[in-house]
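Spelled out from the first residue to the last, the chains are:
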Amino acid sequence: MIATSSPGQIGFRAMCIRGIAYILLVAAMMEGVFHTTTSHAAGRFTEYGITEIAQSLFLLIATALAIVARMIDRAFAPQVSLLLIALLGASLIREQDAWLDEYIFDGAWQVLVGLWVIPLLFIMIRQRKAFALQLERLANTFAFGMFAAGFLTVYVFSRLFGRSEFWKAVLGEHYLRIFKDAVEETAELFGYTLLMIAMFELVLLIRRYQRALPGR
């Protein structure tokens, strides 16, 4: 049983502090993108640019936080956190596709994603009833909302907004690929920032849940 206070509830002071911290994080992220743009360095928005490195770093932190959530969680949403580990870890591997294709073999990232995701999904499917209940429990939390926003930003918005056809139509004869790359990579970076925040919020949510349990 859970105590009468909702574990998803965030105090006003904590909400303000975290809100300011997240605003500063996004501002720092965009300042980094601006610095990258004004540096005129080669490969600014390519697979080897600073923006791509930041994406991998944020994904690595998000995956690590998801693993922490899984390790400390035994009751709130352990199966959901397992799915998050699978999704974030797969995305992290996918972001290294150029490096893996060049230095390992072509298509290496697909093999690694399969080796990473399939066992985790098998465990989750075996416990799908528990997963459904846990997902319902998590659905109305701030962490889930942030994850949904990040997921939609990375896997839907950035893909559609970064289409070459769209920017060719907008820019016409002035089209340069770097415009398209800058928009798509920046949108992805913002989405990964939201996913990282979501995993941080999930860890905090689990800790609040644990403190709300009787006997704590």
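Up top is the structure.
Residues numbered from 1 in each chain as written. Predicted model: local features only at pLDDT ≥ 70, side-chain atom pairs only at ≥ 80, totals over all residues. Heavy atoms only, no water.

Draft legend 1. Fine view of the overall build of the chain. Along the chain, the regular secondary structure elements total nine helices and zero strands. Secondary structure of the chain in N-to-C order comes out as α-α-α-α-α-α-α-α-α. Looking at the 216 residues of the chain, the share that counts as buried comes to 41%. Across the chain, contacts joining residues at least 24 apart in sequence account for 76% of those joining residues at least 6 apart. Per element, the accessible surface of the chain, about 12,500 Å² overall, is 69% carbon and sulfur. Of the side chains in the chain, 19 bear a positive and 17 a negative charge, and the two mean positions are spaced by 16 Å. (Helix = DSSP H or I, 4+ residues; strand = E, 2+ residues; numbered from the N terminus. Buried < 20%, exposed > 50% of the residue type's maximum accessible area, 1.4 Å probe, protein only. Contact = heavy atoms within 4.5 Å. Areas by Shrake-Rupley, 256 points an atom, 1.4 Å probe, with all protein chains shown as cover. Lys, Arg positive; Asp, Glu negative; His and termini not counted. Charge placed at Lys NZ, Arg CZ, Asp CG, Glu CD.)

Draft legend 2. View of helix α3 (residues 78-95). Taking 1.5 Å per residue as the helical rise, α3 with its 18 residues ought to reach 26 Å, and the 26 Å between its terminal C-alpha atoms agrees with that figure. Of all 18 residues that make up α3, 15 are buried, and the element is covered over most of its length. (Expected span 1.5 Å × (residues − 1).)

Draft legend 3. Seen up close, the packing of α3 against helix α6 (residues 128-138). Where α3 contacts α6, the axes come no closer than 7 Å and their chain directions differ by 90°. Between α3 and α6, the crossing angle belongs to the class labelled roughly perpendicular. Contacts between α3 and α6 involve Pro 78, Gln 79, Val 80 and Leu 83 from the first element and Ala 130, Phe 131, Gln 134, Leu 135 and Leu 138 from the second. Considered class by class, the residues forming the contact of α3 with α6 number seven nonpolar, two polar and no charged. (Axes fitted to C-alpha atoms, helices over the stretch in contact; angles between N-to-C directions. Parallel < 35°, antiparallel > 145°, perpendicular 65-115°, else oblique. Nonpolar A, V, L, I, M, F, W, Y, C, P; charged D, E, K, R; others polar.)

Draft legend 4. Spotlight on the layout of surface pockets. The computed volume of the second largest pocket comes to approximately 200 Å³. Elements supplying a minimum of two residues to the lining of the second largest pocket: α3, α6, α7 (142-161) and α9 (177-212). Sort the elements by how many residues they give to the lining of the second largest pocket and α7 lands first, with five residues. Looking at side-chain class alone, the lining of the second largest pocket contains 15 nonpolar, no polar and no charged residues. (1 Å grid on protein atoms, 1.4 Å probe; cavity = no way out; pocket = protein on both sides within 12 Å on 5 of 7 lines; lining within 4 Å. Points joined across faces, edges and corners; volume = space filled by probe spheres on them.)

Draft legend 5. Expanded view of the side chain of Ser 91. Following the sequence through the fold, Ser 91 ends up in helix α3. For Ser 91, a relative accessible area of 9% translates into the label buried. Setting aside anything within four residues of it in sequence, one finds Ser 91 in contact with Leu 59 and Tyr 155.

Draft legend 6. Structural detail: a nonpolar patch on the surface. Taken together, the side chains of Trp 99, Tyr 103, Ile 104, Phe 105, Val 111, Leu 112 and Leu 115 make up a nonpolar region of the molecular surface, amounting to roughly 730 Å² of accessible area. Among the secondary structure elements, those contributing two or more residues to the nonpolar patch are α4 (97-103) and α5 (108-126). Element by element, the count of residues in the nonpolar patch is highest for α5, at three residues. (Patch = residues over 30% accessible without salt bridge, like charges linked within 9 Å, V, L, I, M, F, W, Y side chains within 5 Å. Salt bridge = Lys/Arg side-chain N within 4 Å of Asp/Glu carboxyl O.)

Draft legend 7. Molecular detail of the packing of helix α2 (residues 50-72) against α9. α9 packs onto α2 with a crossing angle of 20° between their chain directions and a minimal axis gap of 9 Å. The pairing of α2 with α9 is recorded here as roughly parallel in orientation. For α2 against α9, the interelement crossing comes out left-handed. Class assignment for the residues of the contact of α2 with α9 results in 19 nonpolar, four polar and four charged. (Left-handed = near helix turned anticlockwise from the far one by under 90°.)

Draft legend 8. Fine view of the environment of Arg 159. Take Arg 159: it is sitting in helix α7. Judged by relative accessible area, which is 34%, Arg 159 ranks as partly exposed. For the pair Arg 159 and Glu 184, spaced 25 residues apart in sequence, the C-alpha to C-alpha distance is 6.9 Å. Contact partners of Arg 159, with chain neighbours within four places excluded, come to Val 154, Glu 184 and Glu 188. Within the structure, the side chain of Arg 159 is placed 3.1 Å from the backbone oxygen of Val 154, a separation counted as a polar contact. (Polar contact = N/O pair within 3.5 Å; in protein donor to acceptor, adjacent residues only side chain to side chain.)

Remember, this is a structural readout, not a statement about activity or role.
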